[in-house]
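This is what each chain is made of:
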Amino acid sequence: MTDRSTATGTTATLGIDHLAVTAWLERAVPNALAPFTFEQIAGGRSNLTYLVTDAEGTRWVLRRPPLGKIVATAHDVVREAGIMSRLSGTGVAVPTVVGVCTDLEVNGSPFFVMEFLDGEILRDSDAVEAFLPLTERRALGDSLVDTLARLHSLDPAAHGWSQRSASGGYVERQLSRWSASWEGDRVRVLEDISRARDALSRRIPPQLRSSVVHGDYRLDNALMGTQGQVLGVLDWELSTVGDPLADLGQFLMYWAQPGDEVTALETPPTFAAGLPTRDELAERYLTATGLPGDDLEYYLAFNWWKTACIVEGVYTRVSRGSMGRTDRTPESFGVQAQRLAAQAWSRAQNLA
């Protein structure tokens, strides 16, 4: 796993009990050899991620919840590890989970360790342009949308999800969940979030299919290979069974293109030249899945709102210092959340 962000490792890495985690790694991870170094990987805004390197240079990746107060059901790394394990061997590219620790005596919270994949996380357009020549960049979008369609084609019940989880009502549950998360732990009130939620609640389209959904699917949540292919999809903590068109809507919302005045990400990697457009990606997905695109505008508005809730939660955590080392100020997250909320309200008002 490569990240253009910088990372530093010391004997007092925030969020890691070196002695206890070292002892656990030696017991739980085959062929792991102490001593280990732990480097927090910058860029993640929810669960904390670390690069673990042993005495022989073998690398793994460790995931744990953020420090401080955690909303109930959020940041559940044990659940995230379970989802990745269920998806292993399905044709959806995910890193292999090699160990899960639920003993709070080890590190104060659960964590899991997964394989290190030698791919690239592309967080801005400069990274995309350095990674692939112009004529080869279309493959990034095509591979991502094909992987999403493959995920949505899986039968949830055949891969460990109960039949009950395949019932409808996904958007209703998401509206309730993120409203509760936002209202339950915040340092301010954004009226645009509540206004957009109310408008979205009045216009929910019927759910046509139930699929395994990622919940935060975008270019910089995937490890990409040198041919533009997806090597591994990351950050599965929001995954569940739900409406695949909501997952597509979020992917398209994040897929900023030149000329967009408002973007979900501060430095969109998809601003790079040579990538497919949102319309091209939507058409490719709809063709692959056979789903209609009549309500895509609703799903885009819904995801602007959901992302505003998520970024507002990041703003709250970073303001309190519970995210460890970050590459941005709390104020920048606050401004971003305001912009996303305003976009969500604007789009929600324009729905038919």
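Residues numbered from 1 in each chain as written. Predicted model: local features only at pLDDT ≥ 70, side-chain atom pairs only at ≥ 80, totals over all residues. Heavy atoms only, no water.

Trainee: What am I meant to see in the confidence of the model for the chain here?
Mentor: Do not read the fine detail of predicted coordinates wherever pLDDT is low. Averaged over the chain, the pLDDT score is 91; the fraction of residues at 70 or greater is 91%. Note on residues 2–10: pLDDT is under 50 here. Beyond four places in sequence and across chains, it has 29 contacts. (pLDDT = per-residue confidence, 0-100. Contact = heavy atoms within 4.5 Å.)

Trainee: Just to check I follow, could you spell out the packing of helix α6 (residues 170–184) against helix α10 (residues 296–320) for this structure?
Mentor: Packed helices, taken two at a time, are described by the angle their axes make and the gap between the axes. Across the interface, α6 lies against α10 with an axial gap of 9 Å and an inter-helix angle of 25 degrees. The pairing of α6 with α10 is recorded here as roughly parallel in orientation. By crossing handedness, the relation of α6 to α10 is classed as left-handed. Contact with α6, carried on its side by Y170, V171, Q174, L175, W178, S179 and W182, involves Y298, Y299, F302, W305, K306, C309, I310 and E312 of α10 and no other residues of that element. (Axes fitted to C-alpha atoms, helices over the stretch in contact; angles between N-to-C directions. Helix = DSSP H or I, 4+ residues; strand = E, 2+ residues; numbered from the N terminus. Parallel < 35°, antiparallel > 145°, perpendicular 65-115°, else oblique. Left-handed = near helix turned anticlockwise from the far one by under 90°.)

Trainee: Sorry, what's going on with the pattern of salt bridges here?
Mentor: Proximity of charged atoms lets side chains of opposite charge pair with each other. Per the counting criterion, the structure on display carries 18 salt bridges. Between D260 and R278 there is a salt bridge; the shortest N-O distance is 2.8 Å. In this pair, D260 sits in the loop between α8 (244–254) and α9 (278–289) while R278 sits in helix α9, placing the two residues 18 residues apart along the sequence. We classify D260 as partly exposed; its relative accessible area is 23%. Since its relative accessible area comes to 22%, R278 is described here as partly exposed. Where salt bridges share partners, they join R63, E80, D235 and E237 into one cluster. (Salt bridge = Lys/Arg side-chain N within 4 Å of Asp/Glu carboxyl O. Buried < 20%, exposed > 50% of the residue type's maximum accessible area, 1.4 Å probe, protein only.)

Trainee: Is there a simple way to explain the sheet that holds strand β4 (residues 59–64) in this structure?
Mentor: Within a sheet, adjacent strands bond to each other through the backbone by hydrogen bonds, running parallel or antiparallel. Ordered by their spatial adjacency, five strands build an open sheet running β2-β3-β4-β6-β5, and the pairing between neighbours is antiparallel. At either end of the open sheet lies a strand with only one pairing partner, and these are β2 (37–40) and β5 (97–101). Neighbour-to-neighbour, the strand axes of the sheet open up by a mean angle of 25 degrees, direction not taken into account. Pairing between strand β3 (residues 48–53) and β4: six bridges, direction antiparallel. Residue Y50 lies in a different strand from β4, and its bridge partner there is L62. Across the sheet, helix α2 (residues 77–87) lies against β4, β5 and β6 (111–115), angled at about 30 degrees from β6, the strand it touches most. (Pairing = 2+ DSSP bridges.)

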